[in-house]
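As a plain string of letters, each chain reads:
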Amino acid sequence: MSSRRQFLMTSARLLLAVGVWRGCPGPVLFAAEQESAPPPKDDRMIVREADPPNWETPLAGLRSWLTPNELFYVRTHNLIPEIDSKSWRIRIDGAVQRPLTLSFDELRKFEPVSEVVTLECAGNGRAFHRPKVEGTPWEKGAVSTARWTGVRLADVLAQAQLQPEGKHLLLEGADPAAKKPQYVRSIPLQKALEPSTLLVYKMNGAPLPIANGFPVRLLVSGWTGNHSVKWITHLSVIAQPHDGFYMNRYRFPISYAHPGADIQPKDMAMITSLPVKSIITSPEDGMRISKGSVLVTGIAYAGEGKVQAVDVSTDYGSHWEEARLSPDTVRYAWGLWEYSWDVQKPGSYLIMARARDSLGRVQPIEPLWNPEGALWNVIDRIRVSVV
Ligand SMILES: Nc1nc2c(c(=O)[nH]1)N[C@H]1C(S)=C(S)[C@@H](COP(=O)(O)O)O[C@H]1N2
Ligand SMILES: [Mo]
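Residues numbered from 1 in each chain as written. Chains lettered and ligands numbered in written order. Predicted model: local features only at pLDDT ≥ 70, side-chain atom pairs only at ≥ 80, totals over all residues. Heavy atoms only, no water.

Asker: It is not clear to me how the sheet that holds strand 18 (residues 292-301) should be interpreted in this structure. Could you clarify?
Answerer: Two pairing modes exist for strands in a sheet, parallel and antiparallel, and in both the strands are linked by backbone hydrogen bonds. Read from one edge to the other, the open sheet built from four strands follows the order 16-18-22-21, with strand pairing classed as antiparallel. In this open sheet, the two strands that pair with only one neighbour each are strand 16 (277-282) and strand 21 (324-325). In this structure, strand 16 lies alongside strand 18, joined through five bridges in antiparallel fashion. If you follow Lys 277 over to strand 18, its bridge partner there is Tyr 301. (Pairing = 2+ DSSP bridges. Helix = DSSP H or I, 4+ residues; strand = E, 2+ residues; numbered from the N terminus.)

Here it is in structure tokens:
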């Protein structure tokens, strides 16, 4: 263990000790005097950063409606905490009549709900921006879909009884601060009370993996992943949006700026819904394929919108044809699509896919460059050689 890492672990413990001293419930238990075990990693995951773990889902995890848990992307800013579900507690306070502290068993007494929801990091596709921007260089796979099981956040907040001055909900994760401050954000209460905003404890029928927020995380369906706070232990009803490190990030220019421009925070707004987007999952970029009938497949999603159509072009965008969308799409989850391409002439081809949604949004030809490299949703493209 490097001395830097050792230092980070020590300061993490100190912070926790301070948290306990301040009278906060102490849900985080580190195995006495030893480093928490690194979460298990599937060999197929693309490691964008090793420490802390930032793992991208390979195309194999984007080809089925549900991403297998071991291929679900992982985005972490700090250390992954080791939390025991028996001692885990969530505290709900602030502008409420009845502040609550719930144990894992008490949380599971609320009516259980299951929903299939796509989670995408706001920074997915960051690596493609020019000029380049700082931050984890995600390409296509900081996005995954799971069937989540948990309880409605609205049900929990109802038990705490909201007071009228409350307008936002502070969300605190138990992952100790390391290279960055502790993960604390807020969302408007209106979004918190939506029936698809959940406190979840299962992913595809299994307990949440440690890296994805065990034992309980928030799921803010339709919004970028940064809102879905993992290892959540504290909610506080507040009057104004939280002002902190992670609120001054995840912002997007209000109007178009030239690539590389110096954009001030006042000219940016909080990122909320995912953009409209599609990704080609087969064939793979650079593949050699035999002429004849080729099945082009992909995924498409639109956050708070609903995907209406996916158009595919195999001739540099001169002609577009509609792909077939899987009929059983649900709100907030990606849908699968396919396109039967009949190609007889050998040569080099560019295949592109463009989604449109119910909010009138269409994937752009050019990126909206922004200092964080967020919300990349340029029309996806791959090159193949037909032989
Ligand atoms: N506590 C905590 N919650 C967090 C984060 C984090 O670092 N700490 N990362 C956020 C970001 S930026 C994203 S994209 C999602 C990623 O969730 P996943 O790792 O399960 O894919 O979690 C969000 N919740
Ligand atoms: Mo993210």
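Asker: What am I meant to see in the pattern of salt bridges here?
Answerer: Between side chains of opposite charge, a pair can form when the charged atoms approach closely. Applying the stated criterion to the full structure yields 18 salt bridges. Taking the shortest distance from any N to any O, the salt bridge between Lys 140 and Asp 380 comes out at 2.9 Å. One end of the pair, Lys 140, is in the loop between strand 6 (112-120) and strand 7 (143-152); the other, Asp 380, is in strand 24 (residues 380-386), with 240 residues separating them in the sequence. The partner of Glu 304 in a salt bridge is Lys 191, and the shortest N-O contact between them spans 2.8 Å. With Glu 304 in the loop between strand 18 and strand 19 (307-313) and Lys 191 in helix 4 (residues 189-192), this pair connects stretches of sequence that are 113 residues apart. With a relative accessible area of 28%, Glu 304 lands in the partly exposed category. (Salt bridge = Lys/Arg side-chain N within 4 Å of Asp/Glu carboxyl O. Buried < 20%, exposed > 50% of the residue type's maximum accessible area, 1.4 Å probe, protein only.)

Asker: Just checking my understanding: could you explain the pairing of strand 13 (residues 232-238) for this structure?
Answerer: Here strand 13 lies mainly inside the structure; six of its seven residues are buried. Here strand 4 (residues 89-94) runs beside strand 13; their pairing, made up of four bridges, is parallel. Bridging from a neighbouring strand, Gly 94 pairs with Val 237 of strand 13. Pairing between strand 8 (residues 168-173) and strand 13: six bridges, direction antiparallel. Residue pairing for strand 13: Glu 172 is matched across the bridge by His 234.

Asker: Where do I start with the sheet that holds strand 8 in this structure?
Answerer: Here five strands make up an open sheet; going across it, the order is 5-4-13-8-9 and the pairing mixed. Strands at the two margins of the open sheet, each flanked by one partner only, are strand 5 (100-103) and strand 9 (184-188). Averaged over all pairs of adjacent strands, the angle between their axes in this sheet comes to 20°, without regard to strand direction. Where strand 4 and strand 5 come together, four bridges link them in antiparallel fashion. The residue bridging Ile 90 from the neighbouring strand is Leu 102, located in strand 5. Running at roughly 135° to strand 5, helix 3 (residues 153-160) makes contact with strand 4, strand 5, strand 8 and strand 13 of the sheet. (Axes fitted to C-alpha atoms, helices over the stretch in contact; angles between N-to-C directions. Contact = heavy atoms within 4.5 Å.)

Asker: Looking at this structure, how should I read helix 3?
Answerer: Count 3.6 residues to each turn of an α-helix, and residues three or four apart come out pointing the same way. Listed as buried for helix 3 are Leu 153, Ala 154, Val 156, Leu 157 and Ala 160. All buried residues of helix 3 fall inside an arc of 160° around its axis, so they share one side. Remark: Gln 161 follows helix 3 within two positions and exhibits a positive phi of approximately 60°. (Arc of directions from axis to C-beta.)

Asker: Just to check I follow, could you spell out the site of ligand 1 for this structure?
Answerer: Inspection of the region around ligand 1 gives 20 residues, with Tyr 73, Asp 175, Asn 212, Arg 217 and Lys 230 positioned closest. In the model, an oxygen atom of ligand 1 is placed 2.9 Å from a nitrogen or oxygen of the Arg 75 main chain. One of the backbone N or O atoms of His 77 is found 3.0 Å from an oxygen atom in ligand 1. Protein contact buries 100% of the 530 Å² of open area that ligand 1 shows by itself. Put simply, ligand 1 lies in the largest cavity. Looking at side-chain class alone, the shell around ligand 1 contains nine nonpolar, seven polar and four charged residues. (Near = heavy atom within 4 Å. Polar contact = N/O pair within 3.5 Å; in protein donor to acceptor, adjacent residues only side chain to side chain. Areas by Shrake-Rupley, 256 points an atom, 1.4 Å probe, with all protein chains shown as cover. 1 Å grid on protein atoms, 1.4 Å probe; cavity = no way out; pocket = protein on both sides within 12 Å on 5 of 7 lines; lining within 4 Å. Sits in = over half its atoms within 2 Å of the grid points. Nonpolar A, V, L, I, M, F, W, Y, C, P; charged D, E, K, R; others polar.)

Asker: What's the story with the side chain of Thr 224 in this structure? I'm lost.
Answerer: As for its position among the elements, Thr 224 is in the loop between strand 12 (217-220) and strand 13. Its relative accessible area of 0% is what places Thr 224 among the buried residues. A distance of 2.6 Å separates the side chain of Thr 224 from the side chain of Asn 226, its partner in a polar contact. Discounting chain neighbours no more than four positions away, the residues touching Thr 224 are Glu 120, Ala 122, Ile 271, Thr 272, Ser 273, Leu 274 and Leu 375.

From the geometry alone we can't say anything about function, so treat these as descriptive.
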